[in-house]
Amino acid sequence: MQSELIRWYIHNKRKLPFRDIRDPYKIWISEIMLQQTTVQAVIPYYLHFIEVFPDIKTLAKASLDDVYKCWEGLGYYRRAKHIYETAQIIHIKYHDTFPDDYNTILSLKGIGPYTAGAICSFAFNQSYGAIDGNALRVLSRVYRISDNIALNKTVNTIRNLANQLIVGYDSSSFNQGLMDLANAICKPLNPLCKECPLNKVCKAYHYHEEKVLPINIKKIKKTETSYITGYITYQNKIMLIKNKSGLLENMYGLLQYEAESPYTFIEYFYNEYHADLTVNAFIKDFKHIFTHRTWYMHVYHFTLNKDIPALFSSYDTLTIPTAHKKILDYINKT
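Residues numbered from 1 in each chain as written. Predicted model: local features only at pLDDT ≥ 70, side-chain atom pairs only at ≥ 80, totals over all residues. Heavy atoms only, no water.

## Side note on the environment of Asp-276
- Within the secondary structure layout, Asp-276 lies in the loop between helix H13 (262–273) and strand S6 (277–289).
- Classification of Asp-276 by relative accessible area gives partly exposed; the value is 42%.
- Spatially, the C-alpha atom of Asp-276 lies 29 Å from that of His-288, the residues being 12 residues apart in sequence.
- Excluding its chain neighbours within four sequence positions, the residues that come into contact with Asp-276 are Tyr-270, Thr-303, Leu-304 and Asn-305. (Helix = DSSP H or I, 4+ residues; strand = E, 2+ residues; numbered from the N terminus. Buried < 20%, exposed > 50% of the residue type's maximum accessible area, 1.4 Å probe, protein only. Contact = heavy atoms within 4.5 Å.)

If you want it as structure tokens, here you go:
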């Protein structure tokens, strides 16, 4: 299996800007960006990020706002914060040299077993599997593993299997081969098994279970929240608040309350900011879906009766979350 996969990969691998490099810093950045984001969406962000922050030292000495601005639109901003914090740790503790020990890498902020394995494999050619959803799908089919891959114990079993398979082989080509095979042939639905270089050893194919496996049943609790969202202006300025913690930490956005009406919003606002608002108009309803929660935002235009902090004449240099940026874009177009 290993030789067939590596041979197929060498002849069919995708041309990507973060492929065929050994720089652990660039590999790390690309792998964090690729979490929950498609390859095509990541490429321009990766190229721009590396241009602005070409190494760990440059990244560590930047400001978090600069990092967020570079990340704007990519989503899941906690990834950017973890990258920034980890860069500072590597800058101070490891003198700008990315560690090459799996457990040390795993201890860094925002790095889990998959990313640690990918860095060790791609940068240092160590025998660690990079087990993401793609690798889980391929290996569960090849070995006809019927356990639920959404469970940690199943993931650990397959990761241990991959670590054993890699020994004595080119781990980087093996791991990236799993990814490209999953992308091109071993697809989630309707896999192209007749074209697969592993079809002779694939147990799921042999038993006609390639459309059944893997078993991937996630238990997800989604939270729905309804907000009155305020487009608050004073003269030519707009109010944007910096989130202190939580989902959109350190990003600037529109003020919103879980309020029953715009008039309740005005009461909440006065209690917090000691300033009066006037509601001018309902703008539009917006919906934004995060991984485990959904926001329903009922947007109203309010005007302030006086100048207060958090008013901006321009927000071009601020990092605005996608949920609120689409509101601002809509308002600017109308």
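## Considerations on the side chain of Gln-176
- If you trace the backbone, Gln-176 turns up in helix H11 (residues 171–184).
- For Gln-176, the side chain forms a polar contact with the side chain of Arg-19, separated by 2.4 Å.
- Filtering out sequence-adjacent residues up to four positions away, Gln-176 remains in contact with Tyr-9, Arg-19 and Phe-122. (Polar contact = N/O pair within 3.5 Å; in protein donor to acceptor, adjacent residues only side chain to side chain.)

## What to know about the domain arrangement of the protein chain
- For the protein chain, the domain assignment lists domain 1 (1–132 + 163–185) and domain 2 (223–332).
- Here the C-alpha centroids of domain 1 and domain 2 sit 35 Å apart.
- Taken residue by residue, the interface counts 11 residues in domain 1 and 14 residues in domain 2.
- Both faces considered, domain 1 and domain 2 share a buried interface measuring about 990 Å² in area, 40% of it formed by carbon and sulfur atoms.
- For the pair domain 1 and domain 2, the interface holds two salt bridges.
- Close ionic contact of Asp-65 with Lys-242 constitutes a salt bridge, the shortest N to O distance being 3.9 Å.
- At the level of elements, helix H5 (64–71) and helix H6 (78–93) are the ones that each hand at least two residues to the side of domain 1 that touches domain 2.
- Here the side of domain 1 that touches domain 2 takes four residues from H5, the largest share from any one element.
- Of the residues assigned to the side of domain 1 that touches domain 2, the class counts are four nonpolar, two polar and five charged. (Domains from an automatic or database assignment. Buried area = accessible area lost by both parts, 1.4 Å probe. Salt bridge = Lys/Arg side-chain N within 4 Å of Asp/Glu carboxyl O. Nonpolar A, V, L, I, M, F, W, Y, C, P; charged D, E, K, R; others polar.)

## Quick notes on the packing of helix H9 (residues 133–142) against H11
- Here H9 crosses H11 at 80°, and the two axes come no closer than 8 Å. Taken together, the axis directions place H9 and H11 in an arrangement best described as roughly perpendicular. Taking contact as the criterion, the partners of Asn-134, Ala-135, Arg-137, Val-138 and Leu-139 in H9 are, on H11, Leu-178, Met-179, Leu-181 and Ala-182.
- Split by residue class, the contact of H9 with H11 holds seven nonpolar, one polar and one charged. (Axes fitted to C-alpha atoms, helices over the stretch in contact; angles between N-to-C directions. Parallel < 35°, antiparallel > 145°, perpendicular 65-115°, else oblique.)

## Considerations on the nonpolar core
- In terms of nonpolar packing, the biggest core is built from 65 residues, with Tyr-25, Trp-28, Ile-29, Phe-49, Leu-59 and Trp-71 touching the most fellow members.
- Among the elements that line this core, the one with the most residues is helix H8 (residues 113–124), at seven residues.
- When residues of this core are sorted by domain, at least three fall in each of domain 1 (1–132 + 163–185) and domain 2 (223–332).
- The residues contacting Tyr-25, other than those within four sequence positions of it, are Phe-49, Ile-50, Phe-53, Pro-54, Asp-55, Ile-56, Leu-59 and Phe-98. (Core = buried A, V, L, I, M, F, W, Y, C linked by side-chain atoms within 4.5 Å.)

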